[in-house]
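Chain residues, written in single-letter form:
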Amino acid sequence: MIKGRIVGTGSTTPKRILTNKDLETIVDTTDEWITRRTGIKERRISSNGQGENTSDLATSASLKALEMAGVSADALDMIVMGTVTPDRQFPSAACLVQKALNASKAVAFDVSAGCSGFLYALSVATNAIATGNCKNALVIGAERLSTITNWEDRSTCVLLGDGAGAVVLTPTTEHDGILSTHLESDGSFWNLLYASNGTYKIPEILDTVEGKPFYVKMEGNRLFKKAVECLADIALVALEHHGLSSADITLMVPHQANLRIIRAAAERLSIPMDKVYTNLQKYGNTSSASIPIALDEANQEGLLKAGDYVLLVTFGAGLTWGASVVKWSV
Ligand code: UT7
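Description of the structure in this document. (Residues numbered from 1 in each chain as written. Predicted model: local features only at pLDDT ≥ 70, side-chain atom pairs only at ≥ 80, totals over all residues. Heavy atoms only, no water.)

Surrounding the ligand, one finds 24 residues, the nearest of these being Thr-29, Arg-37, Asn-221, Asn-258 and Asn-285. One of the side-chain nitrogen or oxygen atoms of Thr-29 is found 2.7 Å away from a nitrogen atom of the ligand. Taking Gly-220, its main chain carries an N or O atom lying 3.0 Å from a nitrogen atom of the ligand. When the ligand is considered free in solution it has 950 Å² of accessible area, and contact with the protein chains removes 74% of it. (Near = heavy atom within 4 Å. Polar contact = N/O pair within 3.5 Å; in protein donor to acceptor, adjacent residues only side chain to side chain. Areas by Shrake-Rupley, 256 points an atom, 1.4 Å probe, with all protein chains shown as cover.)

In structure tokens:
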């Protein structure tokens, strides 16, 4: 059976750092509250005209992943990007990346699945590889959430950040690679997290952020409970599918929404926190970008070696959630 295997990872975040202290000058909040309730200390915010559009960040992350993989852009058959903040409504941000990379042979498209966008995209790509229709695939998660953040809403603006991560997949017939992906959705809870139509004022300190006529609305409390439940349940489904236990997992790489959510899910799964990768302290919640950025950083830090089992697990707007078991192969 053919599967996709990860042969390269890359990530890029904007230069500008917005700290919790900076946010104290924008909304009625404190570093202490944000740290205690979320674990976040700072986030990256992209600037207009600095080559930091969603597709720019995605292209930069992709070039790093392609270089690590030793795969040239013209050998790509597919570019699939999870994003809820493409540069434009259309064309897809993936098509803009295709142009920037000169990946003329690739079919390119975006996937919209809230914060689960990267895992959904990974599933599409690895399934395409399994059919034999696609050989080399570039899977991206990239976001510019700062452009749809309501900077007057302290319950959401302290959480979000910008960035991009990417992986390159090639086919394998060995017992390695993306062993499976498990996805779920429940549209009946769409109104716990969504983009609302409206306009808002961008504070002076962020005057390089371009606003879009919609912004994030969230019912944080109810979402928190659903997130813990869904993350733990889907992770168990993925582990049981392979007859694995949490003790077999070298590293869990969860969506980086809130440290308390991650801790609670890890506890339900009996995975100790030293086997859970977190970097939301530096980037906040970057939606679709959070897992591929974390995966790349874990890889660059040498935390993964060939043969290790890695558990990816995500949750987001839709509601959408999912998990994947990866036997590491980079
Ligand atoms: O990525 C997709 C999935 N995202 C999620 O799953 C996010 C899930 N939700 C969460 O992470 C948490 O619910 C939040 C971090 C959003 C909020 O934390 P919480 O512990 O659930 O706080 P809360 O909403 O229950 O609010 C507690 C209090 C409220 O004040 P009162 O009513 O008790 O007086 C809020 O007004 O904290 C207040 N508050 C703040 N205070 C200072 C809310 N935001 C802030 C803030 N600074 N930034």
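All right, on to helix H5 (residues 117-131) then. With 15 residues, H5 extends 21 Å between its outermost C-alpha atoms, agreeing within 8% with the 21 Å of an ideal straight helix rising 1.5 Å per residue. Taking burial as the measure, the 15 residues of H5 include eleven buried ones, the bulk of the element. Regarding H5, the residues found buried are Gly-117, Phe-118, Leu-119, Tyr-120, Ala-121, Leu-122, Ser-123, Ala-125, Thr-126, Ala-128 and Ile-129. Once H5 ends, the next one or two residues include Gly-132, with phi positive near 85°. (Helix = DSSP H or I, 4+ residues; strand = E, 2+ residues; numbered from the N terminus. Expected span 1.5 Å × (residues − 1). Buried < 20%, exposed > 50% of the residue type's maximum accessible area, 1.4 Å probe, protein only.)

Turning our eyes to something else, we now look at the nonpolar core. Residues Leu-23, Trp-151, Met-252, Leu-311 and Phe-315 are the most contacted members of the largest nonpolar core, which totals 54 residues. Those elements that place two or more of their residues in this core are strand E10 (214-218), helix H7 (220-241), strand E11 (249-254), helix H8 (259-269), strand E12 (309-316) and strand E13 (320-327). Per-element accounting of this core gives the leading share, ten residues, to H7. With residues up to four places along the chain from it excluded, the contact list for Phe-315 reads Cys-115, Ser-116, Leu-223, Lys-226, Ala-227, Cys-230, Leu-231, His-255, Thr-320 and Trp-321. If you look at the next biggest cluster of nonpolar residues, it comprises 31 residues, including Ile-291, Ala-294, Leu-295 and Trp-328. (Core = buried A, V, L, I, M, F, W, Y, C linked by side-chain atoms within 4.5 Å. Contact = heavy atoms within 4.5 Å.)

A few words on the pattern of salt bridges. By the definition in use, this model includes twelve salt bridges. A salt bridge links Lys-21 to Glu-24, with the shortest nitrogen-to-oxygen separation between them at 3.5 Å. Of the two residues, Lys-21 and Glu-24 are both situated in helix H1 (residues 20-24); the distance of three residues between them amounts to about one turn of the helix. Residue Lys-21 is classed as exposed on the basis of its relative accessible area of 52%. The salt bridge partner of Glu-219 is Arg-222, with a shortest N-O separation of 3.5 Å. The class for Arg-222 is partly exposed, based on a relative accessible area of 42%. (Salt bridge = Lys/Arg side-chain N within 4 Å of Asp/Glu carboxyl O.)

As enumerated under the stated definition, the model contains zero disulfides in all. With no disulfide of its own, Cys-134 lies closest to Cys-95 among cysteine sulfurs, the gap being 15 Å. By relative accessible area, Cys-134 is classed as buried at 6%. (Disulfide = S-S within 2.5 Å.)

In this structure, the largest pocket occupies an estimated 950 Å³ of space. As for the largest pocket, its lining consists of 40 residues, and the residues nearest its centre are Ser-155, Leu-159, Met-218, Gly-220 and Leu-223. When residues of the lining of the largest pocket are traced back to their parent elements, those giving at least two are helix H2 (31-38), helix H6 (154-157), strand E9 (193-197), E10, H7, H8 and E12. Tallying contributions element by element places H7 first for the lining of the largest pocket, with seven residues. Of the residues assigned to the lining of the largest pocket, the class counts are 21 nonpolar, 14 polar and five charged. Estimates place the volume of the second largest pocket at around 240 Å³. In this structure, the second largest pocket is lined by Thr-83, Val-84, Pro-86, Asp-87, Arg-88, Gln-89, Ser-112, Lys-212 and Phe-214. Class assignment of the residues belonging to the lining of the second largest pocket gives a composition of three nonpolar, three polar and three charged. (1 Å grid on protein atoms, 1.4 Å probe; cavity = no way out; pocket = protein on both sides within 12 Å on 5 of 7 lines; lining within 4 Å. Points joined across faces, edges and corners; volume = space filled by probe spheres on them. Nonpolar A, V, L, I, M, F, W, Y, C, P; charged D, E, K, R; others polar.)

This next bit is on the sheet that holds strand E8 (residues 177-185). With mixed pairing, the four strands of this open sheet are ordered in space as E8-E13-E12-E11. Whereas interior strands pair on both sides, the edge strands pair on one side only; in this sheet they are E8 and E11. In this sheet, neighbouring strand axes are inclined to one another by 15° on average, regardless of whether the strands run parallel or antiparallel. As paired strands, E11 and E12 are joined by five bridges and run parallel to one another. (Pairing = 2+ DSSP bridges. Axes fitted to C-alpha atoms, helices over the stretch in contact; angles between N-to-C directions.)

Right, let's talk about the sheet that holds strand E6 (residues 137-144) for a bit. Spatial ordering of the open sheet is given by E1-E7-E6-E4-E5, a layout of five strands whose pairing is mixed. The open sheet has two edge strands with one neighbour each: strand E1 (3-12) and strand E5 (107-111). Averaged over all adjacent pairs, the angle separating strand axes in this sheet is 20°, with direction ignored. Bridging between strand E4 (residues 78-82) and E6 involves five bridges; their strand directions are parallel.

This part is about the side chain of Thr-320. For Thr-320, the position within the fold is in strand E13. One polar contact links Thr-320 to Ser-116, side chain to side chain, over a distance of 2.9 Å. A distance of 3.1 Å separates a polar side-chain atom of Thr-320 from the backbone oxygen of Ala-317. Not counting the four nearest positions on each side in its chain, Thr-320 is found in contact with Ala-113, Ser-116, Tyr-120, Glu-184, Ser-185 and Phe-315.

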